[in-house]
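Close look at the chain arrangement
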Amino acid sequence: MREKLLALVALQKVDMEIAALNKSAGEYPKQIAELEQLLGAARSATEAERAKLTDLDRQKATMEQTIIEEKDKVKKWEARLTEQRSTREYSALAREIDIAKKTNLTMAEDLIELGKAQATQRTAFQAKEAEFLGRARELGEKMGALRTKLAAVEAEVKGIGGRREEAARKVDPGLIKRYEHIKKKKLPAMVAVVAPGTCNGCRMNVPAQMYNTLRTTLGYDLCPSCQRIIHAAEALEG
Ligand SMILES: [Zn+2]
């Protein structure tokens with residue numbers, strides 16, 4: 001009986017290892033996804049700065065174009081000024097020209113301000129981009145390390161299959177059937193009952209009669225509380 005239980009103990013040890021490996025294999029993709037999210041956020045922040053810069057570039061180009069057009073207009077008006085016959089028409093056009101020139105001056109000042117804002121924004125964008133590139137490299141390295149670990153764990157899970165098969169072959173067919181059934185819900189599926197009759201799986205006491213029987217037969221039973229396979233702690237002692 002002791003050999004039967006020891007064979008199951010060995011199998012359970014392999015299963016616990018597999019469970020731990022599967023847990024890591026499940027954790028790594030989550031960690032990788034979290035890093036990808038951080039990288040995405042950093043990229044968005046950089047893109048936002050770039051968009052502000054592009055907007056200023058566009059505003060400045062539009063204003064430059066408007067200034068050229070307005071200056072052209074003034075030139076044409078000034079040429080027309082000499083053709084004016086009546087004083088009233090002459091002074092009306094001269095006033096228009098005056099207003100247009102003032103507007104052009106204001107726009108020229110605005111253009112200077114836009115140029116300054118553009119330079120400031122270019123610096124801000126370049127700083128953000130440099131920061132992003134550094135962050136991307138750092139996150140990339142972390143993700144690479146996690147992917148390597150994940151691949152190693154997956155390879156280990158594959159490799160452990162043979163060991164499990166070998167351990168499973170040594171377990172009594174009746175016992176393994178019960179074990180596999182419990183294992184689907186609980187691991188460890190087999191636990192010891194320790195004095196004064198406490199199940200190591202659920203920490204509940206088994207009936208005194210059951211505990212006595214386990215200790216005298218050194219066999220196994222099922223815990224009435226958690227349904228795990230139970231044996232007296234003494235059953236494994238040689
Ligand atoms: Zn129990």
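Everything numeric here is computed off the predicted structure, so don't read it as measured data. (Residues numbered from 1 in each chain as written. Predicted model: local features only at pLDDT ≥ 70, side-chain atom pairs only at ≥ 80, totals over all residues. Heavy atoms only, no water.)

**Examining the sheet that holds strand β2 (residues 198–199)**
Judged by pairing direction, the sheet is mixed, and its 4 strands sit side by side in the order β2-β1-β4-β3 without closing on themselves. Looking at the sheet topology across the chains shown, the edges are occupied by β2 and β3 (220–222). Set on the sheet, helix α4 (residues 208–217) makes contact with β1 (190–194), β3 and β4 (229–232); between it and β4 the angle comes to about 65 degrees. (Pairing = 2+ DSSP bridges. Helix = DSSP H or I, 4+ residues; strand = E, 2+ residues; numbered from the N terminus. Contact = heavy atoms within 4.5 Å. Axes fitted to C-alpha atoms, helices over the stretch in contact; angles between N-to-C directions.)

**A short note on the coordination of the zinc ion**
Donor atoms from the polypeptide that coordinate the zinc ion comprise C199 (SG), C202 (SG), C223 (SG) and C226 (SG), at 2.2 to 2.4 Å from the metal. Coordination of the zinc ion draws on donor residues from a single chain, spaced C-x2-C-x20-C-x2-C in sequence. Pair noted here: C199 is in strand β2 and C226 is in the loop between β3 and β4, with a separation of 27 residues, a long-range link. Judged by relative accessible area, C226 falls into the buried class, the value being 6%. (Donors = N, O, S within 2.8 Å, 3.2 Å for Na, K, Ca; no water. Buried < 20%, exposed > 50% of the residue type's maximum accessible area, 1.4 Å probe, protein only.)

**Structural notes on the packing of helix α1 (residues 2–81) against helix α2 (residues 87–169)**
At a minimum axis separation of 5 Å, α1 and α2 run at an interaxial angle of 165 degrees. The angle between α1 and α2 falls in the class roughly antiparallel. As for how α1 packs across α2, the hand of that crossing is left-handed. Residues of the contact of α1 with α2, tallied by class, amount to 44 nonpolar, 10 polar and 27 charged. (Parallel < 35°, antiparallel > 145°, perpendicular 65-115°, else oblique. Left-handed = near helix turned anticlockwise from the far one by under 90°. Nonpolar A, V, L, I, M, F, W, Y, C, P; charged D, E, K, R; others polar.)

**A word on unusual backbone geometry**
At the junction of L187 and P188, the peptide bond is cis and its omega measures out at 0 degrees in the coordinates. Mapped onto the secondary structure, P188 falls in the loop between α3 (173–183) and β1. Residue P196 follows A195 across a cis peptide bond; omega there is 5 degrees. Mapping P196 onto the fold places it in the loop between β1 and β2. For R203, which is not a glycine, the phi torsion comes out positive at approximately 65 degrees. Mapped onto the elements of the fold, R203 is located in the loop between β2 and α4.

**Describing the domain arrangement of the protein chain**
When the parts of a complex come together, some accessible area is lost, and that lost area is often taken as the interface size. Its domain assignment divides the protein chain into domain 1 (2–170) and domain 2 (175–236). A separation of 58 Å is found between the C-alpha centroids of domain 1 and domain 2. In this complex, domain 1 contributes 13 residues to the contact, which on the side of domain 2 involves 16 residues. When the buried surface of domain 1 facing domain 2 is broken down by residue, L5, L8 and Q12 rank first, second and third, together holding 48% of it. Taken together, domain 1 and domain 2 are joined by 2 salt bridges. In this structure, D15 engages K183 in a salt bridge whose closest nitrogen and oxygen atoms are separated by 3.7 Å. The interface formed by domain 1 and domain 2 holds 5 residue pairs in polar contact (both at pLDDT 80 or more) in total. Elements with a contribution of two residues or more to the side of domain 1 that touches domain 2: α1 and α2. (Domains from an automatic or database assignment. Buried area = accessible area lost by both parts, 1.4 Å probe. Salt bridge = Lys/Arg side-chain N within 4 Å of Asp/Glu carboxyl O. Polar contact = N/O pair within 3.5 Å; in protein donor to acceptor, adjacent residues only side chain to side chain.)

**Section: α2**
In this model α2 runs 116 Å from its N-terminal to its C-terminal C-alpha over 83 residues, within 8% of the 123 Å that 1.5 Å per residue would give. The sharpest bend along α2 measures roughly 30 degrees and falls at G161. (Expected span 1.5 Å × (residues − 1). Bend = angle between axes of the 7 residues up to and from the residue.)

**Examining the pattern of salt bridges**
Counting across every chain of the model gives 22 salt bridges. Residue E78 pairs with K101 through a salt bridge whose shortest N-O separation is 2.9 Å. In this pair, E78 is assigned in helix α1 and K101 in helix α2, connecting sequence segments 23 residues apart. E78 gets classed as partly exposed once you look at its relative accessible area, which sits at 33%.

**Things to note about the nonpolar core**
Formed by 31 residues in total, the largest nonpolar core has its most connected members in L8, L11, M143, V171, L175, Y179 and I229. Secondary-structure elements contributing two or more residues to this core are α1, α2 and α3. No other element matches the 13 residues that α1 contributes to this core. Looking at this core, you find at least three residues from each of domain 1 (2–170) and domain 2 (175–236). Residues within four places of L175 in sequence aside, it is in contact with K4, L5, L8, Y220 and I229. Among the nonpolar cores identified, the runner-up in size contains 11 residues, and V191, C223, C226 and I230 belong to it. (Core = buried A, V, L, I, M, F, W, Y, C linked by side-chain atoms within 4.5 Å.)

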